[in-house]
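Each chain is listed here by its residues.
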Amino acid sequence: GDSVTQMEGPVTLSEEAFLTINCTYTATGYPSLFWYVQYPGEGLQLLLKATKADDKGSNKGFEATYRKETTSFHLEKGSVQVSDSAVYFCALVGQGAQKLVFGQGTRLTINP
Amino acid sequence: DGGITQSPKYLFRKEGQNVTLSCEQNLNHDAMYWYRQDPGQGLRLIYYSQIVNDFQKGDIAEGYSVSREKKESFPLTVTSAQKNPTAFYLCASRFQGHNSPLHFGNGTRLTVT
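Residues numbered from 1 in each chain as written. Chains lettered and ligands numbered in written order. Predicted model: local features only at pLDDT ≥ 70, side-chain atom pairs only at ≥ 80, totals over all residues. Heavy atoms only, no water.

A.B. asks: What is the right way to look at the state of the cysteines in this model?
C.D. replies: Two cysteines, two sulfur atoms, one covalent bond between them: this is a disulfide. Enumeration over the complete set of coordinates arrives at two disulfides over all chains. Across a sulfur-sulfur distance of 1.9 Å, Cys23(A) and Cys90(A) are joined as a disulfide pair. Across the S-S bond of Cys23(A) and Cys90(A) the torsion is about -70 degrees, and the bridge reads as left-handed. Of the two residues, Cys23(A) is situated in strand 4 (residues 23–26) and Cys90(A) in strand 10 (residues 86–93); the sequence distance between them amounts to 67 residues. For Cys23(A), a relative accessible area of 1% translates into the label buried. Residue classification places Cys90(A) among the buried residues on the basis of a relative accessible area of 1%. For Cys23(B), the disulfide goes to Cys91(B), at an S-S distance of 1.9 Å. In this structure, the disulfide formed by Cys23(B) and Cys91(B) twists by about -75 degrees around the S-S bond and is classed as left-handed. Here Cys23(B) is found in strand 3 (residues 19–25), whereas its partner Cys91(B) is found in strand 9 (residues 87–94), with 68 residues between them in sequence. Here Cys23(B) and Cys91(B) have matching classes, each one buried. (Disulfide = S-S within 2.5 Å. Helix = DSSP H or I, 4+ residues; strand = E, 2+ residues; numbered from the N terminus. Buried < 20%, exposed > 50% of the residue type's maximum accessible area, 1.4 Å probe, protein only.)

Take a look at the structure:
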């Protein structure tokens with residue numbers, strides 16, 4: 001079945017550092033791919049999405065490119081802030097599927 | 001503003017009691033979902049519903065029940081049969097369709113003692 005693998009956390013960076021959180025997937029056909037962010041005590045918020053190969057999703061300085069050849073959707077940000085501290089989830093929904101498949105989440109902590 | 005409302009935010013119950021968590025959405029979404037999240041863990045799907053009066057079990061449905069009498073509402077009952085009910089419960093909804101993302105409520109934290 002479809003699956004998502006995220007890099008294990010926790011990840012700790014200093015403010016203004018470059019961020020990469022790796023996400024790879026297994027799915028048949030052409031799934032849609034998503035990144036969600038969860039702040040403490042809250043629900044998940046959609047951060048960005050990409051629906052076809054080579055699409056780049058972007059939002060709030062975060063970017064991720066849908067790479068069909070490497071089945072990856074890595075999240076990047078050029079300069080992180082303390083306010084980016086949260087848990088990040090990569091997810092996919094397969095063609096014709098009713099359910100999203102989530103990775104295990106990566107906890108990110110940014111130190112000032 | 002459209003969104004998903006979960007209530008209450010915190011809920012406390014004694015062991016052996018059933019408890020119902022509320023989820024309402026005004027996004028006109030077709031499908032609704034319930035997830036469970038344990039500390040430091042990912043999401044696990046409990047139940048989902050694609051249309052009114054129909055729902056399917058997710059990965060961890062045992063000890064839970066749901067109903068979908070209205071498009072806007074998808075309440076979750078945590079029964080006394082659920083062995084470890086203390087958790088953070090998240091409701092979500094989406095349009096049918098391949099590209100449609102999930103939209104989440106802010107969750108209900110249930111503590112059973």
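A.B. asks: What should I look at first to understand the sheet that holds strand 8 (residues 76–78) of chain B in this one?
C.D. replies: Note: strands within a sheet are paired through backbone hydrogen bonds, in either parallel or antiparallel orientation. Residues and elements named next belong to chain B. What the four strands build is an open sheet, ordered 1-3-8-7; its pairing is antiparallel. The open sheet terminates on both sides in strands that have one partner only, identified here as strand 1 (4–7) and strand 7 (64–66). The average angle at which neighbouring strand axes cross in this sheet is 20 degrees, direction not considered. Taken together, the three bridges between strand 3 and strand 8 define a ladder with antiparallel strand orientation. If you follow Val19 over to strand 8, its bridge partner there is Val78. (Pairing = 2+ DSSP bridges. Axes fitted to C-alpha atoms, helices over the stretch in contact; angles between N-to-C directions.)

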